[in-house]
Amino acid sequence: MHKVLVLYYSRHGAVASLAKEVGYGIETVDGCEAVMRTVPSVSTVCEATEPAIPEKGDVHARKENLEDCQALVLGSPTRFGTIASPLKYFFDQTASEWLAGTLVDKPAGVFTSSSSMHGGQESTLLSMMLPLIHHGMIVVGIPYTGSPIGNTQTGGTPYGASHVGGPDNIRPVDNDEKMAARILGRRVANCARLVAKSAL
């Protein structure tokens, strides 16, 4: 099985919902498995810690997950137009994986959620690509052909899947946003298969 790591941080649940849709897309590809992982929150209190296994939701990621996967899809809420601190903190600790080339030539994609339509989704997606490019990953987007991103009135960009949560962050993920997330998952999984085949 080709393991595709879906690594995300979700504060209000929207990014977690998108992650599930990405996972559904991954698992429509024969021989591919979605491995769902999250990261703990970053605390301003130095002594604050979270349990190794969360009380609810997906398991916290470990750096070993990066080595075990054949591809990665990264999800973050928008934080002033950039990646959220918990995911940034996780990647800031991957210097040894960078030196070892652990992620080189593995496909990757990104997804996000913001409260407003123009809340920095595209700059967030681009900021999420930067550590992936430094790790030597092959970044995959969403084409306009066969996807809803050319017509959507909510989330969806060629850079990655996205969702607009509304002022209170309670708007559910709509069908266009779900479809874009599933397309992203499927494309990354298909690329993982192609890369693995070409390496034989």
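Please refer to the structure higher up on the page.
So, how was this worked out
Residues numbered from 1 in each chain as written. Predicted model: local features only at pLDDT ≥ 70, side-chain atom pairs only at ≥ 80, totals over all residues. Heavy atoms only, no water. Helix = DSSP H or I, 4+ residues; strand = E, 2+ residues; numbered from the N terminus. Buried < 20%, exposed > 50% of the residue type's maximum accessible area, 1.4 Å probe, protein only. Polar contact = N/O pair within 3.5 Å; in protein donor to acceptor, adjacent residues only side chain to side chain. Contact = heavy atoms within 4.5 Å. Pairing = 2+ DSSP bridges. Expected span 1.5 Å × (residues − 1).

**As for the side chain of Asn-65**
Examined against the element boundaries, Asn-65 turns out to sit in helix 2 (residues 64-68). Judged by its relative accessible area of 10%, Asn-65 is buried. Only 2.7 Å separates the side chain of Asn-65 from the backbone nitrogen of Arg-62, close enough to count as a polar contact. If we ignore the near neighbours within four places in the chain, the residues touching Asn-65 are Leu-5 and Arg-37.

**Quick look at the environment of Asp-168**
Along the polypeptide, Asp-168 turns up in the loop between strand 6 (161-164) and helix 6 (175-198). Taking the relative accessible area as the measure of exposure, Asp-168 reaches 60% and is therefore exposed.

**Brief notes about the pairing of strand 3 (residues 71-77)**
With seven of its seven residues buried, strand 3 lies for the most part within the structure. With burial as the criterion, each face of strand 3 is covered, one bearing Ala-71, Val-73, Gly-75 and Pro-77 and the other bearing Leu-72, Leu-74 and Ser-76. Direction of pairing for strand 1 (residues 2-8) relative to strand 3: parallel, over a ladder of five bridges. Its bridge partner being in strand 3, Val-4 is matched across the sheet by Ala-71.

**Topic: helix 6**
Between its first and last C-alpha, helix 6 extends 34 Å over 24 residues, near the 34 Å set by a 1.5 Å rise per residue. Of the residues making up helix 6, those classed as buried are Glu-177, Ala-180, Ala-181, Ile-183, Leu-184, Gly-185, Val-188, Ala-189 and Ala-192. Contacts made by the buried residues of helix 6 are with strand 1, helix 1 (14-26), strand 2 (32-38), strand 3, strand 4 (107-114) and strand 6.

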